[in-house]
Amino acid sequence: MSVAIEEGRTTSEAGEVTLFLIGMRINSFWAVRSWWPVFWAMPRLMRELAGDAEAGLLGSRALLGGPRDFYLVQYWESQEKLFAYASAQGKEHRPAWAAFNRRVREGRGKVGFWHETYAVPAGAHEAVYVNMPRFGLGEALGVIPVGRRGETAAGRMQAARKRAAG
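All values derive from a computational prediction rather than experimental measurement.

**Here's the deal with the nonpolar core**
Alright, step 1. Grouped together as the largest cluster of nonpolar side chains are 13 residues, with contacts concentrated most on Phe20, Met46, Leu49, Leu57, Trp76 and Tyr85.
Alright, step 2. If you list the elements that add at least two residues to this core, you get strand S2 (17-26), helix H1 (32-50), strand S4 (69-76) and helix H2 (79-87).
Alright, step 3. In terms of residues, this core owes the most to one element, H1, which gives four residues.
Alright, step 4. Every residue in contact with Leu57, bar those within four places of it in the chain, is listed here: Met46, Leu49, Gln74, Tyr75 and Trp76.
Alright, step 5. Counting ten residues, the second-largest nonpolar core is a separate cluster that includes Tyr75, Val120, Tyr129 and Val143.

Structural data, given as structure tokens:
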């Protein structure tokens, strides 16, 4: 995670990206046996992905959505690489997913889970960061000065669409 401040206004480098949101909700705080293993499975998966540049994870950030909700925002090179990791034999995800499914059945609603996947083509996203460390899409894809992409959100989107069209 970068901590150096990028002074001024920057925007993310444009490109295709797959956005993957994944999270859990603690429905019963007292059912620690139901949610604790789910909570601690994700750091193991993230360590594995951090050590495998070919897997396709560009960057991620853990967020707290409230006292019961925890989630990750992940940026992937492509949906194909995301799906390949999720189904790969010999990787951490498959056994973690199987263990989670057992916990859900045994826990009877004590922990919740969700994920959403968005395949975002080049030219269909824009970002702006002001006096921020590299963050989100800018951390995943890199940043450049805003002037090279457009001064407004609409201008950045228009420039991104033109570049994507060739």
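**A look at the packing of aromatic side chains**
Here a ring pair, both rings aromatic, is described through the centre-centre distance and the interplanar angle of the planes.
Alright, step 1. Counting across every chain of the model gives eight aromatic pairs.
Alright, step 2. A ring pair is formed by Trp36 and Phe39, whose centres lie 5.9 Å apart and whose planes are at 25°; its orientation type is stacked. With Trp36 and Phe39 both in helix H1 and three residues apart, this pair spans about one turn of that helix.
Alright, step 3. The exposure class assigned to Trp36 is partly exposed, which follows from its relative accessible area of 42%.
Alright, step 4. Residue classification places Phe39 among the partly exposed residues on the basis of a relative accessible area of 26%.
Alright, step 5. Ring centres of Trp76 and Tyr85 lie 6.2 Å apart, and the angle between their planes is 35°; this geometry places the pair in the tilted category.

Conventions and cut-offs
Residues numbered from 1 in each chain as written. Predicted model: local features only at pLDDT ≥ 70, side-chain atom pairs only at ≥ 80, totals over all residues. Heavy atoms only, no water. Core = buried A, V, L, I, M, F, W, Y, C linked by side-chain atoms within 4.5 Å. Buried < 20%, exposed > 50% of the residue type's maximum accessible area, 1.4 Å probe, protein only. Helix = DSSP H or I, 4+ residues; strand = E, 2+ residues; numbered from the N terminus. Contact = heavy atoms within 4.5 Å. Phe/Tyr/Trp six-rings, centres within 6.5 Å; stacked < 30°, edge-to-face > 60°.

Keep in mind these numbers describe shape, not what the thing actually does.
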